[in-house]
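Each chain, written out:
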4 protein chains.
Amino acid sequence: MTSIRRIVEESDTPAGRAFDLAVQTAILVSVISFSLETLPDLSPETREVLRWVDWVTILLFSAEYVLRVVVAESRARYVFSFYGLVDLAAIVPFFLSTRLDLRCLRALRFLRLFRVLKMARYSHAVRRFEVAFRRVREELVLFFFATCLLLYISAVGIHYFEHEAQPESFQSVPHSLWWAVATLTTVGYGDIYPITPGGRFFTFVVLMIGLGIVAVPSGLLATALTEARVEDAGSTEVRVPPESSS
Amino acid sequence: MTSIRRIVEESDTPAGRAFDLAVQTAILVSVISFSLETLPDLSPETREVLRWVDWVTILLFSAEYVLRVVVAESRARYVFSFYGLVDLAAIVPFFLSTRLDLRCLRALRFLRLFRVLKMARYSHAVRRFEVAFRRVREELVLFFFATCLLLYISAVGIHYFEHEAQPESFQSVPHSLWWAVATLTTVGYGDIYPITPGGRFFTFVVLMIGLGIVAVPSGLLATALTEARVEDAGSTEVRVPPESSS
Amino acid sequence: MTSIRRIVEESDTPAGRAFDLAVQTAILVSVISFSLETLPDLSPETREVLRWVDWVTILLFSAEYVLRVVVAESRARYVFSFYGLVDLAAIVPFFLSTRLDLRCLRALRFLRLFRVLKMARYSHAVRRFEVAFRRVREELVLFFFATCLLLYISAVGIHYFEHEAQPESFQSVPHSLWWAVATLTTVGYGDIYPITPGGRFFTFVVLMIGLGIVAVPSGLLATALTEARVEDAGSTEVRVPPESSS
Amino acid sequence: MTSIRRIVEESDTPAGRAFDLAVQTAILVSVISFSLETLPDLSPETREVLRWVDWVTILLFSAEYVLRVVVAESRARYVFSFYGLVDLAAIVPFFLSTRLDLRCLRALRFLRLFRVLKMARYSHAVRRFEVAFRRVREELVLFFFATCLLLYISAVGIHYFEHEAQPESFQSVPHSLWWAVATLTTVGYGDIYPITPGGRFFTFVVLMIGLGIVAVPSGLLATALTEARVEDAGSTEVRVPPESSS
């Protein structure tokens, strides 16, 4: 039992790495086949092949899920863990015939591919990312909160300025929220934008505040990652020489 | 009096926290109800319910405002403080029947929700943000000033290049300012853009300068926040161990 | 002579500050009046007033220019300095009747307003900006060069992929350059975009590289400014206490 | 042989610099002539001139390629090096008459212009960039991987939400991937965007996560470059004085 668990849960043995690789290949195949299935103009033969691939990968995923539950040290903890729920969400829609087509949940299994990075040389980078993320977590929550507030206030404001001029586009605060999301993230699809002088000046004010808020989290993450990297370099090796000598 | 003031103004007692929570719930309810009211296709019953919610929350806000004025150590200071004006702006439009519909000012009360963050574990992050903001304040003013200048010069320039080719879109400098805002913030709605070679080259030049100016404030805030966090960690706890041990 | 020069060129005397303030007010008035003149639907009376304002400010600017030339320690150096040329460019178009309407060059005088910041408390921030800019100048040139190269290669690439599918939008490499500018700066007006799978994949590749290049200069400027601020604080005052005590 | 190699491969002699300059001029001429050729409305005479320029530059490039192969210390290493392949790709399409028009590969020769920067004062900046890039390479790979995962999951998600409402725009997962690329990079062309409340909320969630991921690499590069610059300054000169004295 313990040795099977080690194969399934760890990747420090050749068998464990092979198991990981097999699962990841199945995920990749499943994910590509699912994407192709959505293409509208496929020949019936291709559809047949894709359906077969579907069946096989789902069977593999189900077997893997059962195996993981069986070998888990604490079954409840695995079942209710993030990856446990992702693994379940990937197979359940196949066995239930619901009105909603939830097969797309399978895409979440893609997250399992992150495990690839846990191997070899990227394990350090992943650990540094975890350290950096934990350090700025509170700031990230704070800025997410501030962003939500700013989005809401922007939506109410633009609704006030543009409601009369464009009763269709800015018909309600929830509609205006969509404008606020597209504008403050600077995506700017162009499906909805202010046309009154008041609305445009309000957009300017909101953007001046918003640009200083929305882009801060990525800057925080970047500096925290640099910090983690410098500490890492300081604790395990002499920093400058290896870089400047090559 | 002092004990009531402590309940109203602080949140370090159970009663104070309960008061805060009640106010914040009322704000959330009011804000959501206000948003829903703007939806165009509501049944008369729903409208009736929302109008009731409106009445009740305004009464609560009014009572809260009177209470805050009464218990304030210096009444004038509260009335003319930022939050004092916000609190007033949220209730006044309800009692005045003006031609302008200013009920949307109530959305500003949303800012009161920031108080949620003042509790528990986010109070440190909020304080760090205040420290960081104060440190880069002068730089932020400087870059805001530079952004305004660049916006104006861009607007005059694009008006010069595009005025003849697109007399409608770029009909005046104020109209061109809207193009400058949408372009330099990289929102790019696509409602107005240059089509002449000269105007496009000018856009390129302006963007090369603008990208290096508009995005700097968020970078400054990010580095100042990191600075504040490192100092914080240095003064209250040993930094690396707690992170790397878990 | 020396005392007049001090009034005109410096702002460390009451008379010098008054002169600066007068010039800046004239610039602001000229700039606003110029913007309003471009509005299409003005009454003849307003136009008359604006023309008068135009005349008066140009006369003032001309007088100021002559004064600056007269008092300058080295006349040639002032005339061919950046601000000397800007000052000249602001008045010359008025006296020459050319086919080209170059009155918009007056907007450049707006840069003179930067002098406002040189006073009082922002002078430190301006100096820090100059220090930071000088430190990253070589990197900025390098990234500007890399951006130009990437823009050109992107334009040639997208022209190859999209030329046949959209012979109108991507008719030539210069046309495709406009697409490259709008895309790599993430403005994305939406007037021109790839529609073939190949062109879209190429856009993805170019954006992945481009995002890591185009946004770097503002990050460099931000970190250099932080560096300059920390040094400044270290050399003139004790850093943390004044911030954390208030 | 050795002296010719030194002229061709290095730029530390007058002859070497002259050779470099000649090659770079030829590249610039070739690149500009290639761009002009794509313009649709050229006179036959201009076309004739451009064709001649084409011939001459290709002959020069071919001669240069042969020369580089001949003088290379290890011929195989040059032929299969990055620049060796670029040099070959620039001339081969001219001699082969293929169905595909691959002359645009010549644009890659533009990369040779980077050599300009290797001279004089920018060589330090280039070296610092190489040091910085090497330091954050692992993080860049990690974030590229995370970006790809996020793009795929976003595409599947938006396909689920918008497929029914917009069967044309979001007809398949590959089509939705294009939306994901344009949205997460904040380009936002506006050719394809969600219209259902579910799809819009999903876009909001994806953008909140995406902004914190897509913009991190440029921040990492910026901080690593600053690090490299500070180390550089520390090892070769005293840092603050030269800046603050001018």
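Residues numbered from 1 in each chain as written. Chains lettered and ligands numbered in written order. Predicted model: local features only at pLDDT ≥ 70, side-chain atom pairs only at ≥ 80, totals over all residues. Heavy atoms only, no water.

**Q** Explain the overall build of chain A to me, please; I cannot follow it from the model alone.
**A** Within chain A, the secondary structure is distributed over 11 helices and zero strands. By the burial criterion, 49% of the 246 residues in chain A qualify as buried. Excluding contacts between residues fewer than 6 apart, the proportion of contacts in chain A whose partners are at least 24 apart in sequence is 60%. Surface accessibility of chain A: about 11,900 Å² in total, with carbon and sulfur atoms responsible for 67%. (Helix = DSSP H or I, 4+ residues; strand = E, 2+ residues; numbered from the N terminus. Buried < 20%, exposed > 50% of the residue type's maximum accessible area, 1.4 Å probe, protein only. Contact = heavy atoms within 4.5 Å. Areas by Shrake-Rupley, 256 points an atom, 1.4 Å probe, with all protein chains shown as cover.)

**Q** Can you help me understand the packing of helix 8 (residues 173–184) of chain A against helix 9 (residues 197–214) of chain D in this one?
**A** Between two packed helices, both the angle of their axes relative to each other and the distance between the axes serve to describe the pair. The N-to-C vectors of helix 8 of chain A and helix 9 of chain D enclose an angle of 30°; their axes lie 11 Å apart at closest approach. By the angle between their directions, the pair helix 8 of chain A and helix 9 of chain D is classed as roughly parallel. As for how helix 8 of chain A packs across helix 9 of chain D, the hand of that crossing is left-handed. Where helix 8 of chain A abuts helix 9 of chain D, its residues His-175, Trp-178 and Val-181 of chain A lie against Arg-200, Thr-203, Phe-204 and Leu-207 of chain D. (Axes fitted to C-alpha atoms, helices over the stretch in contact; angles between N-to-C directions. Parallel < 35°, antiparallel > 145°, perpendicular 65-115°, else oblique. Left-handed = near helix turned anticlockwise from the far one by under 90°.)

**Q** Looking at this structure, how should I read the packing of aromatic side chains?
**A** Here a ring pair, both rings aromatic, is described through the centre-centre distance and the interplanar angle of the planes. Under the counting rule described, the total for this entry stands at 44 aromatic pairs over all chains. Seen in terms of ring centroids, Phe-143 of chain C and Phe-129 of chain D are 5.7 Å apart; in terms of plane orientation they differ by 75°. Their pairing is edge-to-face. Of this pair, Phe-143 of chain C sits in helix 7 (residues 122–162) while Phe-129 of chain D sits in helix 7 (residues 122–162), which puts the two residues in different chains. Phe-129 of chain D gets classed as partly exposed once you look at its relative accessible area, which sits at 26%. Residues Tyr-160 of chain D and Phe-161 of chain D carry aromatic rings whose centres are separated by 5.4 Å and whose planes lie at 75° to one another, so their mutual orientation is edge-to-face. In this structure Tyr-160 of chain D comes out as partly exposed when scored by relative accessible area, which is 29%. An aromatic cluster is present here, built from Phe-129 and Phe-133 of chain A together with Phe-143 of chain D joined pairwise through their rings. (Phe/Tyr/Trp six-rings, centres within 6.5 Å; stacked < 30°, edge-to-face > 60°.)

**Q** Looking at this structure, I do not really get the pattern of salt bridges. What am I missing?
**A** When their charged atoms lie close together, side chains carrying opposite charge are able to pair. Inspection of every chain in the model, using the stated rule, returns 40 salt bridges over all chains. Here Arg-128 of chain A ties to Glu-138 of chain D by a salt bridge, and the two come within 3.8 Å at their closest N and O atoms. Residue Arg-128 of chain A is located in helix 7 (residues 122–162), and its partner Glu-138 of chain D is located in helix 7; the two belong to separate chains. By relative accessible area, Arg-128 of chain A is classed as buried at 8%. Owing to a relative accessible area of 22%, Glu-138 of chain D belongs among the partly exposed residues under this scheme. One salt bridge in this structure joins Glu-64 of chain D and Arg-68 of chain D, with 2.8 Å as the shortest N-O distance. Placement of both Glu-64 of chain D and Arg-68 of chain D in helix 3 (residues 44–71) is noted, with a separation of four residues, approximately one turn of the helix. A single salt-bridge network, built from bridges that share partners, covers Arg-127, Arg-128 and Asp-232 of chain A together with Glu-138 and Glu-139 of chain D. (Salt bridge = Lys/Arg side-chain N within 4 Å of Asp/Glu carboxyl O.)

**Q** Can you walk me through a nonpolar patch on the surface in this structure?
**A** Together, Trp-52, Trp-55, Val-56, Leu-59 and Leu-60 of chain A give the surface a local cluster of nonpolar side chains, amounting to about 570 Å² of exposed area. Inspection of the secondary structure assignment puts Leu-59 of chain A in helix 3 (residues 44–71). (Patch = residues over 30% accessible without salt bridge, like charges linked within 9 Å, V, L, I, M, F, W, Y side chains within 5 Å.)

**Q** What am I meant to see in the interface of chain B and chain C here?
**A** The partner chain C presents 49 residues to the 46 residues of chain B that form the contact. One can count three salt bridges joining chain B with chain C. The shortest N-O distance in the salt bridge between Glu-139 of chain B and Arg-128 of chain C comes to 2.8 Å. Scanning the region where chain B abuts chain C turns up eight residue pairs in polar contact (both at pLDDT 80 or more). Sorting the residues of the side of chain B that touches chain C by element identifies helix 7 (122–162), helix 8 (173–184), helix 9 (197–214) and helix 10 (216–236) of chain B as the ones contributing at least two each. Among the elements that take part in the side of chain B that touches chain C, helix 7 of chain B stands out by supplying 17 residues, more than any other. (Polar contact = N/O pair within 3.5 Å; in protein donor to acceptor, adjacent residues only side chain to side chain.)

**Q** Looking at this model, I keep getting lost on the side chain of Asp-232 of chain A. Mind explaining?
**A** By the secondary structure assignment, Asp-232 of chain A is in helix 10 (residues 216–236). Among residues more than four places away in sequence, those in contact with Asp-232 of chain A are His-124, Arg-127 and Arg-128 of chain A.

**Q** Is there a simple way to explain the domain arrangement of chain A in this structure?
**A** How large an interface is tends to be reported as the accessible area lost when its parts come together. Parsing chain A into structural domains produces domain 1 (2–118) and domain 2 (122–235). Look at where the C-alpha atoms of domain 1 of chain A and domain 2 of chain A centre, and you get two points 34 Å apart. (Domains from an automatic or database assignment.)

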